[in-house]
There are 2 protein chains.
Amino acid sequence: MLYMELLGYVAGMIVAVALTPQVIKSWKTKSTKDISMPWTITLIIGLGLWIVYGFGINSYPVIITTIVEEALAVTLLILKFKYG
Amino acid sequence: MLYMELLGYVAGMIVAVALTPQVIKSWKTKSTKDISMPWTITLIIGLGLWIVYGFGINSYPVIITTIVEEALAVTLLILKFKYG
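Everything numeric in this text was worked out from a predicted model, so none of it was measured.

(A) Representation of the packing of aromatic side chains. All names here are of chain B. Using the criterion set out here, one finds three aromatic pairs over all chains in the structure. Centroid distance Trp 50 to Tyr 53: 5.2 Å. Interplanar angle 35°. Geometry classified as tilted. On the criterion of helical spacing, the pair formed by Trp 50 and Tyr 53 is a turn pair, its members being three residues apart in helix α3 (residues 37-56).

(B) A look at the interface of chain B and chain A. Of the residues lining the interface, 34 residues belong to chain B; the matching set on chain A comes to 34 residues. At the boundary of chain B with chain A, the tally comes to 13 residue pairs in polar contact (both at pLDDT 80 or more). Secondary structure elements with two or more residues in the side of chain B that touches chain A: α1 (2-17), α2 (20-29) and α3 of chain B. The element contributing the most residues to the side of chain B that touches chain A is α3 of chain B, with 11 residues. For the side of chain B that touches chain A, the per-class residue count stands at 20 nonpolar, nine polar and five charged.

(C) Seen up close, the pattern of salt bridges. Counted according to the given criterion, the structure contains two salt bridges over all chains. The partner of Lys 33 of chain A in a salt bridge is Asp 34 of chain A, and the shortest N-O contact between them spans 2.9 Å.

(D) Molecular detail of the layout of surface pockets. Each pocket or cavity is described by its volume, and for the largest pocket that value is around 890 Å³. Around the largest pocket sit 35 residues that line it, and Trp 50 and Val 62 of chain A together with Trp 50, Tyr 53 and Val 62 of chain B are the ones nearest its centre. Contributing elements (two or more residues each) for the lining of the largest pocket: α1 (2-17), α3 (37-56) and α4 (60-83) of chain A together with α1, α3 and α4 (60-83) of chain B. The greatest single-element share of the lining of the largest pocket, amounting to eight residues, is contributed by α1 of chain A. Residue composition of the lining of the largest pocket, by class: 21 nonpolar, 10 polar and four charged.

(E) Representation of the relation of the copies chain B and chain A in the model. At an RMSD of 0.0 Å, chain B and chain A line up after a rotation of 180° and a shift of 0.0 Å along the axis. A rotation of that kind, with that shift, is consistent with a two-fold axis. Relative to the rotation axis, the C-alpha of Asp 34 of chain B is the closest in chain B, positioned 2.7 Å from it. A shared interface surface links the copies, since 100% of the contact residues of chain B are contact residues in chain A too.

How each quantity is defined
Residues numbered from 1 in each chain as written. Chains lettered and ligands numbered in written order. Predicted model: local features only at pLDDT ≥ 70, side-chain atom pairs only at ≥ 80, totals over all residues. Heavy atoms only, no water. Phe/Tyr/Trp six-rings, centres within 6.5 Å; stacked < 30°, edge-to-face > 60°. Helix = DSSP H or I, 4+ residues; strand = E, 2+ residues; numbered from the N terminus. Contact = heavy atoms within 4.5 Å. Polar contact = N/O pair within 3.5 Å; in protein donor to acceptor, adjacent residues only side chain to side chain. Nonpolar A, V, L, I, M, F, W, Y, C, P; charged D, E, K, R; others polar. Salt bridge = Lys/Arg side-chain N within 4 Å of Asp/Glu carboxyl O. 1 Å grid on protein atoms, 1.4 Å probe; cavity = no way out; pocket = protein on both sides within 12 Å on 5 of 7 lines; lining within 4 Å. Points joined across faces, edges and corners; volume = space filled by probe spheres on them. Least-squares fit on C-alpha atoms with pLDDT ≥ 70 in both.

Printed below as a string of structure tokens:
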């Protein structure tokens, strides 16, 4: 079961940092026309609830990985607002 | 604790379907230039591992919501390959 737990952490961390290249690309190209604003907003709401859930069940892995993902999603939304 | 569990399901489902407006937008505009391919590929790998983890811990909520999200991510990657 230890392997499974490790797999859970690895999978969670990969998903959490996955947005990094998207944020870098949007930052560099200053172009976010093809990015869907409803996607970023829905994601931010969902991740926000997920953070509350993480605190509710006292799970640091959930809280920490989700805060990383939320920070990336909020950054992307700011870039989307800025570059349209 | 029941409320917390419910919150977990709601949050998970919101995150899982969040990509829907992005897929619809990319499908309609046939433009995915601003979408980062490394993002979609990293997401697909992470979600794939997450599905394995879901089976490993026998969690249907994890399996089902992640398969939905994975299907959306794969669709987006196909659109990205198609429209560049």
